[in-house]
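# An overview of the molecular structure
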Amino acid sequence: MNAMLLQPGIELMSKTSSTTCFIRRSLLLRIRHPLPTLSRRSGCIFHRTCFAPVATTAVSVAGSTRRVQRDWHVLPDGTKLEVLRQICDVEAGLSTPPLLMLHGAGHAAWCYKENFMPYFADRGYDTYAVSFRCQGSSDRQSSAKSAGTLASHSEDIQHFISTLPRPPVILAHSFGGLIAQRYVLGSKHSVLCADRASTAGLVLLGSAPPYGNGSLVGRTFRRRPLFSIRLTWGFITRSYARSMPLFRDMFMSSDIPDKDLQRYYQLLQTNMSPVQLVDFRELNKHELPLQRPGPAFSIPVLALCGDQDVVVDLEAAEETAAHFGQGSAIELKGMAHDLMLDTRWQQAASTILEWLHGLEETL
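In what follows, the accompanying structure is described. Here, residues in each chain are numbered from 1, in the same order as that chain's written sequence. Given that the model is predicted, a residue must reach a pLDDT of at least 70 before its local features are reported, and side-chain atom pairs must reach 80 or more before they are shown or counted; all residues, however, enter totals for whole chains, interfaces and linings. Hydrogens and water molecules were not included; the side-chain quantities draw on all heavy atoms of the structure.

All right, on to the nonpolar core then. Counting residues in each nonpolar core, the largest one holds 55 residues, and the members touching the most others are Phe116 and Phe120. In this description a helix means any DSSP run of H or I spanning at least four residues, a strand means any run of E spanning at least two, and both kinds are numbered starting from the N terminus. Here this core gets eight residues from one element, more than from any other, and that element is helix H12 (residues 345–360). Whether two residues are in contact is decided by their heavy atoms, any of which lying within 4.5 Å being enough. Once residues within four sequence positions are removed from consideration, phenylalanine 116 is found in contact with Met101, Leu171, Leu205, Leu339, Met340, Trp345, Ala348, Ala349 and Ile352. For our purposes a nonpolar core is just a set of buried Ala, Val, Leu, Ile, Met, Phe, Trp, Tyr and Cys residues, chained together by side-chain atoms within 4.5 Å. Partly exposed residues are those whose accessible area sits between 20% and 50% of the maximum for their type, while under 20% is buried and over 50% is exposed, using a 1.4 Å probe and protein chains only. In this structure, Val130, Ile170, Ala208 and Val301 belong to the second largest nonpolar core, which totals 37 residues.

What follows is the structure in structure tokens.
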């Protein structure tokens with residue numbers, strides 16, 4: 001597969017206009033390039049694409065939409081989930097799919113509030129970020145061994161999606177990506193399975209692959225055995241919440257500005273739940289691998305990863321795309337695991353935006 005260099009879209013934005021959200025379509029100037037060379041494996045298209053580093057101050061995302069608001073979604077059992085929402089002020093949001101953002105282990109809805117929610121709301125998308133049960137500010141049961149299973153979290157997400165005005169595109173990070181995959185695929189023991197009538201698309205951000213992390217951990221160990229042990233221990237003990245250098249090494253690029261690193265680390269410590277998102281040992285025993293999609297599956301899938309990601313590599317993203325048959329895997333240059341927070345988060349956001357534009361043409 002040939003690597004190809006693309007430049008992020010350039011946007012002209014009026015800071016004084018009250019209809020900034022319309023600029024997304026009417027004043028968006030894109031530098032278009034020929035499509036990358038495509039490699040097909042089992043019907044799956046892989047885009048091995050890299051992005052050049054850009055200045056993090058290249059695009060302003062502030063000021064044209066309503067502020068982020070916190071709501072609560074009440075599940076059938078009475079549990080309340082934390083929901084952050086940022087709605088576009090004008091009618092552009094009525095013609096685009098809402099974006100539902102799901103966090104990974106150790107994180108919560110806050111990780112999308114920093115960058116992704118204002119970025120996409122400014123470009124005409126209603127945005128929602130949900131904290132899974134027992135995570136973030138969602139209701140917690142301190143005696144619980146884990147917050148839930150892939151199946152139970154999927155049911156919670158299905159219940160929330162049923163309240164949205166239109167089928168959303170789901171953006172899901174890390175182990176949240178595994179939950180999102182379980183939601184759209186269902187299981188042989190469950191009728192729960194999404195289609196395009198309920199879910200417009202799925203974007204996976206450094207997501208755990210549908211087979212679990214076994215082969216991924218093995219590859220990491222062969223490349224960097226000592227760091228692999230440190231990484232695995234960090235996840236098991238969640239020691240990254242007690243060490244800012246480890247937090248940076250696991251989730252961020254080495255050049256992230258100190259002020260951003262300190263702020264994200266404090267937010268993680270403040271919002272981190274003592275309850276694990278899932279029981280990882282039980283997960284591997286009973287819920288993995290995920291089933292393959294059926295012949296009627298039609299939800300578009302995009303799998304992103306960073307070339308500096310020490311948790312999920314390109315091969316894992318390609319495995320995930322291949323599992324869905326029609327997915328695309330894209331590697332972003334100069335990016336680590338937390339694509340929505342890292343130094344060059346705008347590269348991930350602009351890649352998703354371009355993909356959304358193509359998706360909307362099919363809706």
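Once that is clear, we can look at the pattern of salt bridges. A pairing counts as a salt bridge when a side-chain nitrogen of Lys or Arg comes within 4 Å of a carboxyl oxygen of Asp or Glu. Inspection of every chain in the model, using the stated rule, returns 17 salt bridges. Put simply, lysine 285 and glutamate 282 hold a salt bridge, and the shortest N to O gap is 3.9 Å. In this pair, lysine 285 and glutamate 282 are both assigned in helix H10 (residues 280–286), three residues apart and thus about one turn of the helix distant. For lysine 285, a relative accessible area of 59% corresponds to the exposed category. Because the salt bridges share partners, they merge into one network encompassing Arg219, Arg223, Asp313, Glu315 and Glu319.

Working definition: rings of Phe, Tyr and Trp (its six-membered ring) pair if their centres are within 6.5 Å, and the pair is stacked with planes under 30 degrees apart, edge-to-face with planes over 60 apart, and tilted otherwise. Counted according to the given criterion, the structure contains 14 aromatic pairs. Ring centres 6.4 Å apart and planes at 55° place the aromatic pair phenylalanine 116 and tryptophan 345 in the tilted group. In this pair, phenylalanine 116 sits in helix H3 (residues 116–121) while tryptophan 345 sits in helix H12, placing the two residues 229 residues apart along the sequence. The class of phenylalanine 116 is buried, set by a relative accessible area of 0%. Looking at tryptophan 345, the relative accessible area reads 8%, which means it is buried. Among the aromatic residues, those joined into a ring-pair cluster are Tyr112, Phe116, Tyr119, Phe120, Tyr125 and Trp345. Each ring is checked for a lysine NZ or an arginine CZ that lies within 6 Å of its centre and within 35 degrees of its normal; such an atom marks a charge sitting over the ring. If you follow arginine 123 out to its NZ or CZ, it ends over the ring of tyrosine 119, 3.7 Å from the centre. The positively charged end of arginine 224 is found above the aromatic ring belonging to phenylalanine 227, 4.1 Å away from the centroid.

Where nonpolar side chains cluster on the molecular surface, the patch consists of Phe221, Leu226 and Ile229 and spans about 340 Å² of accessible area. Summarising the element assignment, leucine 226 is placed in helix H7 (residues 225–237). Judged by relative accessible area, leucine 226 falls into the exposed class, the value being 72%. Surface patches are defined over residues having more than 30% relative accessible area and no salt bridge, joining like charges when they lie within 9 Å and nonpolar side chains (Val, Leu, Ile, Met, Phe, Trp, Tyr) when within 5 Å. Accessibility throughout is a Shrake-Rupley quantity obtained with a 1.4 Å probe, and a residue counts as covered only by protein chains that appear here.

When DSSP locates at least two bridges between a pair of strands, those strands are taken to pair. Summarising the sheet, strand S7 (residues 69–74) and strand S8 (residues 80–86) pair through six bridges and their orientation is antiparallel. Opposite arginine 70, over in S8, you have leucine 84 as the bridge partner. Counting the residues between successive antiparallel strands, the hairpin from S7 to S8 contains five residues, one of them, glycine 78, with a positive phi of roughly 95°.

The set of residues buried in helix H6 (residues 214–223) consists of Leu216, Arg219 and Thr220. Down the axis of H6, the buried side of the element spans an arc of 100°, and every buried residue falls inside it. Facing away from the buried side of H6 by more than 90 degrees, the exposed set consists of Gly214 and Arg222. Turning to H6, the residues buried within the fold contact H7 and helix H11 (314–324). Directions pointing from the helix axis toward each C-beta atom define the arc.

A few words on unusual backbone geometry. Along the chain, leucine 288 connects to proline 289 via a cis peptide bond; the corresponding omega equals 0°. Mapping proline 289 onto the fold places it in the loop between H10 and strand S15 (301–306). With a phi angle near 55°, serine 174 is a residue other than glycine that sits in the positive phi range. Positionally, serine 174 belongs in the loop between strand S12 (169–173) and helix H5 (175–185). Residue serine 174 is classed as buried on the basis of its relative accessible area of 7%. Positive phi, normally seen in glycine, also occurs at arginine 238, with a value near 55°. In this structure, arginine 238 sits in the loop between H7 and helix H8 (244–251).

This brings us to the sheet that holds strand S10 (residues 127–130). Pairing is mixed across the open sheet formed by eight strands, whose spatial order is S7-S8-S10-S9-S12-S13-S15-S16. Each having just a single partner strand, S7 and strand S16 (328–332) make up the two edges of the open sheet. Here the strands of the sheet are splayed against their neighbours by 20° on average, with no regard to which way each runs. Here strand S13 (residues 201–205) runs beside S15; their pairing, made up of four bridges, is parallel. Residue pairing across strands places valine 203 opposite leucine 302, the latter belonging to S15. Contacts from helix H4 (residues 150–161) reach S7, S8, strand S9 (99–102), S10 and S12, with the element oriented near 155° to S9. Note on geometry: axes are lines fitted to C-alpha atoms, helical ones only across the stretch in contact, with angles between N-to-C directions running from 0 to 180 degrees. With respect to the sheet, H11 is in contact with S13, S15 and S16, its orientation differing from that of S16 by roughly 160°.

Contact pair H8 / helix H9 (residues 258–271): the axes reach a minimum separation of 10 Å and the direction vectors enclose 100°. The orientation of H8 relative to H9 falls into the category roughly perpendicular. Of the residues in H9, those in contact with Met244, Phe247 and Arg248 of H8 are Leu261, Gln262, Tyr264, Tyr265 and Leu268. Roughly parallel means an angle under 35 degrees; roughly antiparallel, over 145; roughly perpendicular, 65 to 115; everything else is oblique.

So, to be careful, I would describe these as geometric facts and stop short of saying anything about function.
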